[in-house]
Each structure stands twice: as structure tokens, then as C-alpha cells.
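# Structural characterization, general
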Amino acid sequence: MSSQQFKSFALINSDSYGLNSGQKLALSSGLLGLLLLVLTAFGVQLVSASIHLSLAIGLLGVGIVYFTRAAYSNKIAGIKNDGVMFSSLTSRGILGWLLGVSLTGFYIVLYFYPTWLGLGINGDPNSGLIALFDPFSLWLNGNAATQWFVYGTLYTFAIIVFGYKFILKYRHNPYQKLRTISVMFFQFGFAFLIPELMSRLNSDTFKLPYYDLKSIWPLNYYNFDKYRVNSFIDAGDVGLALLIFGVASIFVITPILTYKYGKRWYCSWVCGCGGLAETVGDPFRQLSDKSISAWKIERWVIHSVVVFALLMTTAVVYSYLGHDRSSYWLNKSDFLLGVGGLLTFVFGLVMIFKRKEFGKDAIYGAVGYFVIIVTLIGLFVFDQNDQLFIFKSTELRKTYGFLIGSVFSGVIGTGFYPIFGSRVWCRFGCPMAAVLGFQQRLFSRFRITTNGGQCISCGNCSSYCEMGIDVRSYAQKGENIVRSSCVGCGVCSAVCPRGVLKLENDHHKGRINPTQVLLGNDVDLMDLMNQR
Amino acid sequence: MKKIVIVGNGISGVTAARHIRKLSDYHITIISGESDYFFSRTALMYVYMGHMKFDDTQPYEPSFWSKNRINLKKAWVKKIVSEDKQLLLENGELLSYDKLILATGSKPNKFGWPGENLEGVQGLYTKQDLELLEKTAPNNSICKHAVVVGGGLIGVELAEMLHSRHIPVTFLVRETNFWNGVLPDHDCSILNDHIKAHGIDLRLGVNLKEIHSDRMGRVESVEIAETGEIIPCNFVGLTAGVSPQISLAQNSGIETHRGILVNQFFETNLTDIYAIGDCAEQTDQLPNGRRSIEAVWYSGRMMGETIAQTITGNKTPYKPGHWFNSAKFFDIEYQTYGWVSSLRSKPEHELQLHWKYHDNTKGVTLSYNKNDLTFLGINTFGIRMRHEVFNQWLNEKKSIEQVIEQLDKAQFDPEFYKSYVNEIQSVLLATLSNSVL
């Protein structure tokens, strides 16, 4: 029907959205920089590695910055979504698919075939793209580059230059500017610089594992692996402090900050995955699926991942703990009792105080809880050292790393930006988002307030929600949005033409306010209907 | 089981259907010839601008209607045969009803301008209008210049739409200040500047004389009455307001004036036939100074909420609360709560206080009663305010001074936005003390 017609219209009017000459020049510069990087994968290196790399990164950076300036700086500040649904890149056209396939390909090579990028194995020196980063890596951390160093550098670079683009695009909006500066800062400082410098401090007698301090378990699913815990402990006070910080992050810091500000403090202000989604991924935010069925799938998948992550970690830690307390203060059975006790405590609190708000999801929560507890009991009863029933804990850990850590978060999560939108990983896969979402839905002061009866159901908010929340369905009912998946990016509020939405931290009273009749109508009628 | 038939699937008809379903088990049918599903008319502009796809303008998924047992019928109604309680559809089909709700909406005004029916001349109201616009003005090589006639909300939206596709726009406005039939001149000046800043050729105080045609019967140019200037163009948008769509009612013996005449229960002169939304004209005096015809999104919704009560047995008069509204003019958001009159319609007892940011992109106007100093209303530009708070202040009949002093409680701008409240308060309080003295 109609959408077909509009699609065909899009073909006719493409020239109205053509690039201006400044953008074309900038695009050439960027593509040249990209070409320089790609060529190295085929063994072509023009000059010395450091000059070649500087040239490539420089051309890319200049290209993106000038493209942005040509696109936005001569326009009056405001919402810049003209033609988004007509552009091949941003509406699943040929360009979008091409980019999606290329990104996915890059991730597959990165995760599974790093030698194609020139990683030297068995003591061989690096070549190709990775060798290009050797001088920089040596300078920064004292070692030759790895595929992860290359990836980390490019990732940080991308967040910074596309962050600049985002800031210019939303330069009328201080909330957007601040949180973008924040993700740029945390990516550059916490994810990139500090871990590299920390590894520089390592010596034969002192060794800390690579630790991005803002990456919190269960996102950082490997944080309590045996080798990491051992090296934390071996590193003395500093290591122990880091280990305690890692535990405190999830059990103390996270709940407090989420209670005060909602999960946005992490997902759209700090997190690196979120940072990439908000900057590089911003042109694709409208591609998220808003259907009710997508929401159903989301809840099953993300909560399954969090259960998987919890069991996997429990099994891994269990496997390396001893049976008695003589060697170490924590033993196998105490650990299991601790995990079980904590879960029961949380589950009990929710069922006692929040059962009503939990609604139909309570049954799913109960099922998840039940599965975990049965597994824990199983672990205890069968008491096999590194076995979770029929699965070896190391295998479990490997499977998780492969399926969730690599395929889901990288290949699908980022590779598919131009197809499924920018927050696929955050929405369907991230166990951290699930934990924070649970806290946000049930205990936080955060909500998106709707402004009385002003909503005109236009749907801009839903269209630009990267998490696929049908924001309009709440706004048009005058109902606050308290969804667990909301990362608080604030774009719904920004694109709203009628000033309906506001992200707020406030009292619990009136946070959840289902209404049938909105403000503005007969007061008696509102009372009659809304109290049903 | 009672059969409810609703003509029109806009916000009024659909809200009525939803609420009747909430309150009853009646058989509900919505008829529309315009679209398969309910869509947000106000979002049509975003489809043309490429912000959204047409399907994104539909607030409910297709499965919603069957799940809630609301039958949708795509057809045009030719006539109501009220004696038989039947509708005659254009395709010859007959449809019977126990209660009929007309929610037929509005149509763009035309004032008999010579050439107003030429090819390339249109209003912007329906989905079909949008499709036509896509054909006539898809880009700036097919449509080299566009003229928009009529300075209301749809006019400025149409100018923004065309501008988004880099089509040069001349905007002819009869008034000497943009939208000064509704806004005080102070507020209009913010919008005049902003529209021009976007590169729109805004012509104030001019009337359209004639639309000239080329040999193919297509629009070629427009002629301005005052100056005789000829402006060549490929597209003319007629946006001089809308009026109720009443042709069906007129054909069927229902009393009409400008709209379909109804009382506060939305009853027409014929039994079991009601009218709501844009097409309805109230014969009873409404509370809070509300107008007899309101072509506003939320009024349609409120009428739908109200009539559902009456239809399901709880006879309820329509009692809208305090007036409020909002709009966006290019990048400047506008909100209003209570009544702020234009120069033309300002009653003798109303005084106004103004504040404007130095770059002329933000401003507020507050109105009050000069006799008892009660607050009457506020217009805001580029600043968001909280509906709930102003609604309460209007209920409490707060004084203008109290409202100014507590203005920070009503702020609704996003976090970290610069607050202008202190500046506004000091300017307004100073003006107030001068005028009261």
C-alpha cells in the first residue's frame, strides 16, 4: 500500500538531498584515509608505519570533521533529520547493506582470523594492518600491537570523531552535548589510556590484568576468571583494591547510581558499547524494531543472557575455589550459598514489595530464579570440580565468550548497525543492561515524564528511539515511561515537536501513572476513568 | 448487541472507538475512505521531510484493531439514511447502525481565488494531499519555486517541508505579522524573524489576487493583489485555515451551520446521530471560553473520550478544561496555557507582559486581568513549560505576581538547559510594577 508509493517517491527526490561540494571533498579525504588502512591488509605500505598510520588516521579524521561541518555548521541549530528515511545509508538501502556486510566482515576477521589483519603468531612479527600500529603500541604500552590494540585504537578514534559529529548535530541541546563529551572522555581515558598505561607499569614482579575500570561484570564477563583473580591477588594491595572495586562496582556503585539517575548514568554516559552506538551508530538509531513482538523477543533473549552469564561465572569461580577454608577464606560451598542467598534475598524483596509493578513478568522472573537455584543446588550436590552438570565450566566460559562476547556484541551488535539499528547488543544481548534495567524498572527515581495532554501522537519519539521503545504509546496516554530498556539517551525528548517528554529523577510517588483520560478534559471524567 | 458505526478514522473517531471498547462489548465499526489505518495527521509533514516513514505515523499496529474487536472498513460514505438507520456507501453497499458517530474532520479553506483548482495547487490535510505533493513537488528540479498562501500553522509547516527539499519558498501572508490573528505582535516578531532566517521569502501584508495557468492547465505563477507582482512557481499551497467537513451531514438532513450542530452531548438534530471532532459545532456555550469549533488534535481526543461515556450509558456533557496548545515553527517550539489574546481580539480587561531573549529566538508573554490581577495565560517560545502546573494555577486563579514568582516550578526544558527564569522574572516583575503603579 502506501509505504510502497512513498518508497518510489524516495527515488525521484534523491537529488534534493545530494551532498554539497564541501561534503564531497571531505568524503574523498575520509575514503582515502580508509583506503590507506585497507591497503595495508594487502601488504601495501607507502612509507614508514608511523607516517602511514598518521596519514590514514589524519585523512579519516579531517574527512569526518569537515563532512560534519559542511553538513551542520551553516544551518540553524535544531533537529537535523531531513531525508533520513530517504538516504540509502540510513534506510536499509544498498549503501546500508554494503556497510553492514563490510562491518560484519571486519568483525569476523577481527575475532576469528586476526592473522588476516597481520597478527604475528608464534613469535613472528606483525605485518599488514597490525604492524602499522606497532610503533604506536610500543610508544604507549611498550609492547607490539595486537588485533585488540588496533581495534581499541580505531574504536576510540571513531567515538571521538563521530562524537564531534553528534555534538555539532545536537549543538542546541546541552544534555546531548554533555553526555557525548562524557562517553568520549570515558572511552579515551578509561577504556583506552589507563589500561594501556597500567600495562606499562607491569614488570616481572608486578602484573595487573588489562582492566577497563568502567567495564563492569557481567558486561565484563571475564573479570572473575581464575587468571585475572590470581593476578589481582598477586599484585598485592593495588590488585586487591581493583578486585574489590570490581565486586563493588556491580553490588554497590551500580545500584546506587541507578537508583538516583536510572541506567543512563552507565549506558549513555559511560559505557563504551553505548558510546559507539550513540556516536558512530547515531545515523542508524531509527532502524530499531518498534513492534510488540520485537519487545517480547527482547525480554526473553536479554534475560536468558543474564542467566547464562550468572551461571557461567558461578561455575567458573566455583571450579577454582577450594573445598576447605584453610587455603583461602572463600570455599566452594560458602560461595554457592552466598550466590544463592543473594539471589533469594533480591527475589524475595521484589516479590514482597514490587509484585504488582512486576505484573505478568513476575512469572518469568520466578522461572529464571528457579532455574538458577536448581543449578546451584545441582552444583553443590554433584560437586564435580569443574563441571556444571554435563558441561565443563571452561567450555561454558568459552561458549559464552564466543556466542555472547564475540558474535552477539561484535558481529551482530555492531556489524548490523545499518540493518537493525545501533543498540541491538544493548537491547537484546547485554547482561549488564539487563541488570541495570531491572534496577531501573523497579527501584529507580528515573522516568520520562509526559507533559499532560500535549502529545499529538506524531511518532517522532518512537521513530528515533534506538532501543525500540514505542515511546508514543505512553506519551499519547499521558503515561510516564519507566521501561527497563530505556538508556536515557534523551533523543525522544529532543525530537518531540511539542515539548512533551522530559527525562527526570524524582520521587517514587506518581512515577508510574497509567491514565485513560488525559489532562485537559472534564475533571470528573478524568477521575472516573483514571481510578478504574 | 448494539452496533456503533463511526465515520472517520482520525483521532476523534478512533478515541471514541477505543473508549467504547473499554467500557462496553458493543459491535464497533470505523469507516474511512482516506486510509486503511489510523495515522497521525500532524505527522504527515515528517513523512515528506524524511524524518519518518508513513507507517511510523500509525500509532497502533495493525493487529491492535482485531485484538480489540474494532472493525475497520475502507470506504467513503455517500449518504445517511436516518429513517432506516443505515449508511449508503459510495460502492452501493448499505450498513446499518444503532448509533452513528460522525467524525469527518476538516477540509482546507478556499476563497474562490481565480485558478485555485489548477493542477499544482492544493491544500495539505489528507494523506492524499501528501501523495499529491510528492508528485508535484518531489524536489527542486521538478518544482523550482513554490508559493504558500496563508499564514497559519499548516502554512508554516508546508514552508518548512518544501524548504527541507531545498525548494525555494515564497510565503504570502495576509496579516502584517505572522499569525497575528492568534498571537500578540510581540510573539509574532519572533516568528517573522525565524522564518526569514531559514531563507523563506516571507511576504507580510499581501493578498493573493490570482493563480495563473500555463497552456497545460498547470500553475505557472501567482499574482499579488497589492503590488501586481508576478511570482513564477510550479506549486501553490493553499493554507488559509480549515473548516468543518460537513458535506455528508448536509446531504443527509442533519442541521449544520459552519459545522455539524451539536449540543454538549454531541447530539445532532437526528436521533442516535452524533458528531465529534473538527466537524462538530457546539450550540451550547462551553466552559473556560472554549470555542464552538476547535480543529485541534487533543480536542478531538477529548470529545472521543467524552462521547464514549454517553454511548455506553453514562450520559456525560463535554466540559473541556483550560485551553492549551502547542506547535513548532521550524526550530522554535511554542506552547500556550490559558488565554493570551492577539491584538485584534484582546478584551479590554486583558494586559500582557513580555520577555524576549536578546537573540530573538526565545520569548514569553503572560496575560492577566488588569482589574483583579489574576493570571489568564502564557505563551512560550523556545522554552518548554509543564501543563499540569499551569492547569493547576489556572484552576486556583493565581495572581500574575504569584505565577511569575513561581515560574521555575513550571519549567519543562530538558536537564542542563540554561534557565531563563531569573531573567524573565526580573523583567516581568519590573514591567508589572510599572503598569500597576
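## Some words on the domain arrangement of chain A
Residues and elements named next belong to chain A. Segmentation of chain A into domains returns domain 1 (19–75 + 114–201), domain 2 (203–443) and domain 3 (445–530). The centre of domain 1, based on its C-alpha atoms, is set 29 Å off from the matching centre of domain 2. Contact residues are listed per partner, giving 22 residues for domain 1 and 25 residues for domain 2. Between domain 1 and domain 2, roughly 2100 Å² of surface is buried when both sides are summed, and carbon and sulfur atoms account for 64% of that area. The largest contributions to the domain 1 side of the interface with domain 2 come from Arg179, Val183 and Met198, which together make up 25% of the buried area. For the salt bridge of Arg179 with Glu278, the shortest nitrogen-to-oxygen distance reads 3.0 Å. Where domain 1 meets domain 2, there are eight residue pairs in polar contact (both at pLDDT 80 or more). Those elements that provide at least two residues to the side of domain 1 that touches domain 2 are α7 (147–169) and α8 (174–201). Here the side of domain 1 that touches domain 2 takes 14 residues from α8, the largest share from any one element. Classifying every residue of the side of domain 1 that touches domain 2 by side-chain character gives 14 nonpolar, four polar and four charged.

## As for the nonpolar core
One finds Leu87(B), Ile101(B), Leu102(B), Leu162(B), Phe171(B) and Phe390(B) to be the most contacted residues of the largest nonpolar core, which totals 123 residues. Broken down by element, this core gets its largest block of residues, seven residues, from helix α8 (residues 297–311) of chain B. Once residues lying within four places of it in the same chain are set aside, the contact partners of Leu102(B) are Val7(B), Ile80(B), Leu248(B), Ala249(B), Ile254(B), Ile260(B), Ile273(B), Tyr274(B), Ala275(B), Ile276(B) and Cys279(B). Membership of the second largest hydrophobic core comes to 86 residues, among which are Trp217(A), Leu242(A), Val424(A) and Ile481(A).

## Quick word on the domain arrangement of chain B
All names here are of chain B. For chain B, the assigned domains are domain 1 (3–107 + 243–311), domain 2 (121–240) and domain 3 (324–436). Facing the 14 residues of domain 1 at the interface are 15 residues of domain 2. Where domain 1 meets domain 2, there are zero salt bridges. Across the domain 1-domain 2 interface, the total number found is seven residue pairs in polar contact (both at pLDDT 80 or more). The element that contributes the greatest number of residues to the side of domain 1 that touches domain 2 is helix α2 (residues 44–48), accounting for four residues. Here the side of domain 1 that touches domain 2 is composed, by residue class, of seven nonpolar, four polar and three charged.

## Describing unusual backbone geometry
Residue Trp217(A) is joined to Pro218(A) through a cis peptide bond whose omega torsion reads 10 degrees. With respect to the secondary-structure elements, Pro218(A) resides in the loop between α8 and α9 (226–234). Phi is positive for Leu373(B), close to 60 degrees, though the residue is something other than glycine. According to the relative accessible area criterion, Leu373(B) is partly exposed, its value standing at 28%.

## A closer look at the sheet that holds strand β11 (residues 169–173) of chain B
Residue and element names in this part refer to chain B. Across the sheet, which stays open at both edges, the five strands sit in the order β9-β16-β10-β11-β12 with parallel pairing between neighbours. For this open sheet the edge positions go to β9 (121–122) and β12 (201–204), each flanked by a neighbour on one side alone. Its contacts with the sheet put helix α5 (residues 153–164) on β10 (146–149), β11 and β16 (235–238), and the angle it makes with β11 is roughly 170 degrees.

## Here's the deal with the packing of aromatic side chains
Tallying each qualifying case throughout the model produces 53 aromatic pairs over all chains. Judged by centre distance (5.7 Å) and plane angle (40 degrees), the ring pair of Trp355(B) and Tyr420(B) falls under tilted. Within this pair, whereas Trp355(B) is found in strand β23 (residues 350–356), its partner Tyr420(B) is found in the loop between α10 (400–405) and α11 (421–436), the two being separated by 65 residues in sequence. Accessibility classification places Trp355(B) together with Tyr420(B) in one group, the buried group. Grouping aromatic residues by their ring pairs yields a cluster made of Phe106(A), Tyr107(A), Tyr111(A), Phe112(A), Trp148(A), Tyr151(A), Tyr155(A) and Phe402(A). The cationic tip of Lys127(B) hangs over the ring face of Phe54(B); the distance from NZ or CZ to the ring centre is 5.0 Å. Positioned above the aromatic ring of Phe265(B), the side-chain terminus of Lys315(B) is 4.7 Å from the ring centre.

Reading the values: the criteria
Residues numbered from 1 in each chain as written. Chains lettered and ligands numbered in written order. Predicted model: local features only at pLDDT ≥ 70, side-chain atom pairs only at ≥ 80, totals over all residues. Heavy atoms only, no water. Domains from an automatic or database assignment. Contact = heavy atoms within 4.5 Å. Buried area = accessible area lost by both parts, 1.4 Å probe. Salt bridge = Lys/Arg side-chain N within 4 Å of Asp/Glu carboxyl O. Polar contact = N/O pair within 3.5 Å; in protein donor to acceptor, adjacent residues only side chain to side chain. Helix = DSSP H or I, 4+ residues; strand = E, 2+ residues; numbered from the N terminus. Nonpolar A, V, L, I, M, F, W, Y, C, P; charged D, E, K, R; others polar. Core = buried A, V, L, I, M, F, W, Y, C linked by side-chain atoms within 4.5 Å. Buried < 20%, exposed > 50% of the residue type's maximum accessible area, 1.4 Å probe, protein only. Pairing = 2+ DSSP bridges. Axes fitted to C-alpha atoms, helices over the stretch in contact; angles between N-to-C directions. Phe/Tyr/Trp six-rings, centres within 6.5 Å; stacked < 30°, edge-to-face > 60°. Lys NZ or Arg CZ within 6 Å of the ring centre and 35° of its normal.

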